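# Structure at a glance
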Amino acid sequence: MRVLVAGDRGYIGAVLVPLFMAAGHEVVGLDAGWYDGCDFGPQPRGYVSRTGDIRDQRPADLVGFDAVVNLAAISNDPVGHLNPDATYSVNDHGAAHLARVARDAGVTRYLFSSSCSLYGDAGDDAVTEKSDFHPVTPYGVSKAMAEQRIHAFADSHFSPTYLRNATAYGSSPRLRADIVVNNLTGLALTRGEVRLQSDGLPWRPLVHVEDIARAFLAVLSADRDVVHDQAFNVGRDEDVVQVRTVAELVSERTGAPVTFAEGASPDTRNYRVDFGKIQSLVPAFQPAWTVSAGVDELVRDMHRHGLTAQEFEHTFVRLERINRLQSEGLLDEHLRRSHDGAGLHGAVAANQ
Ligand SMILES: NC(=O)c1ccc[n+]([C@@H]2O[C@H](COP(=O)([O-])OP(=O)(O)OC[C@H]3O[C@@H](n4cnc5c(N)ncnc54)[C@H](O)[C@@H]3O)[C@@H](O)[C@H]2O)c1
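Residue positions are counted from 1 within each chain, in the order its sequence is given. Local features in this predicted model are restricted to residues of pLDDT 70 or higher, and side-chain atom pairs are both shown and tallied only at a pLDDT of 80 or more, whereas totals for entire chains, interfaces and linings draw on every residue. To get the side-chain values, all heavy atoms of the structure are used, and hydrogens and water are removed first.

## Thoughts on helix H4 (residues 84–104)
Helix and strand definitions follow DSSP, with helices as H or I runs of at least four residues and strands as E runs of at least two, each counted in order from the N terminus. Expected helix span is computed as 1.5 Å times (number of residues minus one). Taking 1.5 Å per residue, 21 residues should reach 30 Å; H4 reaches 28 Å between its end C-alpha atoms and fits that length. Throughout, the bend at a residue refers to the angle made by two axes, fitted to the seven residues ending there and to the seven starting there. Most pronounced at Gly94, the bend in H4 amounts to some 35 degrees. Within 3.5 Å is the distance limit for a polar contact, defined as a pair of N or O atoms, with the added protein rule that one can donate a hydrogen and the other accept it, and that residues adjacent in sequence qualify only through two side-chain atoms. Measuring from the side-chain oxygen of the N-cap residue of H4 to the backbone nitrogen of Asp85 gives 3.0 Å; that N-cap residue is Asn83. Directly after H4, the chain includes Gly106, whose backbone phi takes a positive value near 90 degrees.

Below is the structure:
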C-alpha cells in the first residue's frame, strides 16, 4: 500500500516506518519536525518525509494514498497541560481534519494512534474497548474527543481504526526519556540511581515501541470488515506491571539502587487494561518483546550512544524540547512553527 505516516519523525514513527517499508509498503512521512536533530542513532532512510502540519493538509496533499497512519500529536500529559487549547487543536481537531481530508481524497484506511489514557479514572476492573471514557487530563480528553469526531466520517468507503496504545518503552532513533521504563533506565545509567517519584505500587500497561508498530502493520493488513470503525487496546497482558517491579528490574540489570524521591507519595493513577480483542480479532499481531528484554536493549543502546545526563533530561524530554522551541520563538503558543526547519534543528544543536 501507499501509506502516509503523520508523525513519522517521532519516537514511534522512527520505528514504525522501517517496519512498514520492510513489509513492502511505500511510505511518505509528514511531520512538523519538533524533534528534528534530537537523534538517538541514525534516522530511517529510503523514504520521503514532508515537513508540514496535519492541521494544514488539503485533500490534494493526500490523493493517491491507500492509507493514513496518524501518529502526529502532543504526545503526553505534561505538554498537554502547557496549553490545552493547542493540545485540542492538534490531537482532536487536527486528527479529525486529517481524517476528513483523507476521506475526501479517496483514502480508504485511517489508523489513529489513540491511547489507553482515554480510560482515565477507570476503577478496579480491567478496561475493555467497550468501557466508558473517564479521561483526567487534556491529553486524555483530546484522544477521546478525536475518536468520536473521526467516527463521524466512517462510511462504506472510509474505515478509521483507533489503536489505543499502552505506554510505550524501548529504543528508538527518536528516543523519549519521559516514559516510565525509558526514564528509569536512563536515570540508572546517567545518575546512578533508579529514582522513583511515587511509591511505585500502581499497575501500568506497557508495550514495546516495536510491538506498537507491529500492531499498526497487522491492522493495516487485516480485513477491512474486521477493523472498520473499531477500537483496539494495544499491549499484552504480560506487560501489565507495577512501576516498582520495573524499577527493581532496572536495578538488577544496571546495579544502580532503587531510591525514592523526597516526598514520594502514593500514586493514585492505577488502571488495568484487557488486550483480548486485538489478540482474537487481529491474530497477525504477535507482540515479541518483554519489559526485561526492553530494559536490556535500552541499556545496550544508551551505552553505545554514550548518553549524557544533559541529553537524557533535556533533548529527549518532550516538555523540555517544546519549552525550548517556544522560548526561542521557533514555535508559537499554538505550537505552530514560526521559522523554517533549519531553525528547529538549530535549537537542538544548542541544547546538546
Ligand atoms: N509513546 C507512548 O507511550 C504512546 C502511548 C499511547 C499513545 N501514543 C500516541 O502515539 C503517537 C506517537 O507518539 P510518540 O511517542 O511517537 O510521540 P512523539 O512526540 O515522539 O512524536 C510525535 C510526532 O508528531 C509530530 N507532530 C506533532 N504535532 C504535529 C502536527 N500538528 N503536524 C505534524 N506533525 C506533528 C512531532 O513533530 C513528532 O515528530 C501520539 O499520537 C501519541 O499520543 C504514544
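Back to the text.
## Regarding the site of the ligand
Whether a residue is near a molecule or strand is decided by its heavy atoms; if any one of them lies within 4 Å of it, the residue is near. If you check the shell around the ligand, you find 31 residues, and the closest are Asp31, Ser75, Ser113, Tyr139 and Arg176. Take Asp53: an N or O atom from its side chain is 2.9 Å from a nitrogen atom of the ligand. One nitrogen or oxygen atom from the main chain of Ile54 is found 2.9 Å from a nitrogen atom belonging to the ligand. Using a 1.4 Å probe, accessible areas were evaluated by the Shrake-Rupley method; residue-level cover was limited to the displayed protein chains. Protein contacts shield 98% of the accessible area of the ligand, which totals 830 Å² for the unbound molecule. Top contributing element to the shell around the ligand by residue count: strand E5 (residues 109–115), with 3 residues. Residues are grouped as follows: nonpolar covers Ala, Val, Leu, Ile, Met, Phe, Trp, Tyr, Cys and Pro; charged covers Asp, Glu, Lys and Arg; every other residue, Gly included, is treated as polar. Here the residues of the shell around the ligand are counted per class, giving 14 nonpolar, 10 polar and 7 charged.

## Comments concerning the environment of Pro138
As for its position among the elements, Pro138 is in helix H5 (residues 138–151). Distance from Pro138 to Leu118, taken between C-alpha atoms, is 9.8 Å for residues 20 residues apart in sequence. With sequence-adjacent residues up to four places away left out, Pro138 is seen in contact with Gly80, His81, Pro84, Thr87 and Tyr88. The contact rule is simple, with two residues in contact once any of their heavy atoms fall within 4.5 Å.

## What about the pairing of strand E2 (residues 26–31)?
Only protein chains enter the calculation, and the probe is 1.4 Å; a residue is then buried if its accessible area is under 20% of its type maximum, exposed if over 50%, and partly exposed in between. In terms of burial, E2 is a largely internal element, 5 of the 6 residues being buried. DSSP bridges decide pairing: two strands pair if at least two such bridges lie between them. Across 5 bridges, strand E1 (residues 2–6) lies against E2 in parallel orientation. Within E2, the position partnered with Val3 by the bridge is Val27. For a crossover, the right-handed case is the one in which the path from the first strand over the helix to the second runs clockwise, viewed with the strands pointing away from the viewer. In this region the chain leaves E1, passes through helix H1 (residues 13–22) and returns to the parallel neighbour E2; the handedness of that crossover is right-handed. As judged from the 4 bridges shared by E2 and strand E3 (residues 48–51), these two strands associate in the parallel manner. Paired with Leu30 across the bridge in E3 is Arg50.

## Quick word on the side chain of Lys277
In this fold, Lys277 is placed in helix H10 (residues 276–281). A residue counts as positive if it is Lys or Arg and as negative if it is Asp or Glu; His and the chain ends are not included. The rule for a salt bridge is simple: a side-chain nitrogen of Lys or Arg has to be within 4 Å of a carboxyl oxygen of Asp or Glu. Although Lys277 is buried, it makes no salt bridge; Glu129 carries the closest opposite charge, 5.4 Å away. Among residues more than four places away in sequence, those in contact with Lys277 are Glu129, Gln230, Ala231, Phe232 and Val282.

## A few points about the packing of aromatic side chains
Within a pair of aromatic rings, the relevant descriptors are the distance that separates the centres and the angle that separates the planes. Each aromatic pair joins two rings of Phe, Tyr and Trp (for Trp, the six-membered one) with centres within 6.5 Å, and gets the label stacked for planes under 30 degrees apart, edge-to-face for over 60, and tilted for any other angle. For the structure on display, the rule yields 4 aromatic pairs. Arranged with centres 6.3 Å apart and planes meeting at 90 degrees, the rings of Trp34 and Tyr35 form a pair that is edge-to-face. Here the aromatic rings of Phe40 and Phe316 are separated by 5.8 Å at their centres, their planes lie at 85 degrees, and the arrangement is edge-to-face. Of this pair, Phe40 sits in the loop between E2 and E3 while Phe316 sits in the loop between helix H12 (309–315) and helix H13 (318–327), placing them 276 residues apart in sequence. The criterion is that NZ of a Lys, or CZ of an Arg, lies within 6 Å of the ring centre and within 35 degrees of the ring normal, and then a charge sits over that ring. The ring of Phe232 is capped by Lys277, whose NZ or CZ atom sits 4.9 Å from the centre of that ring.

## Focus on the confidence of the model for the chain
Chain-level pLDDT for the chain is 92 on average; 94% of the residues reach the 70-or-more range. Low pLDDT (under 50) marks residues 346–352, which in the prediction has 18 contacts with non-local residues, meaning those over four places away or in another chain. Per residue, pLDDT captures the predictor's confidence, and it can take any value from 0 to 100.

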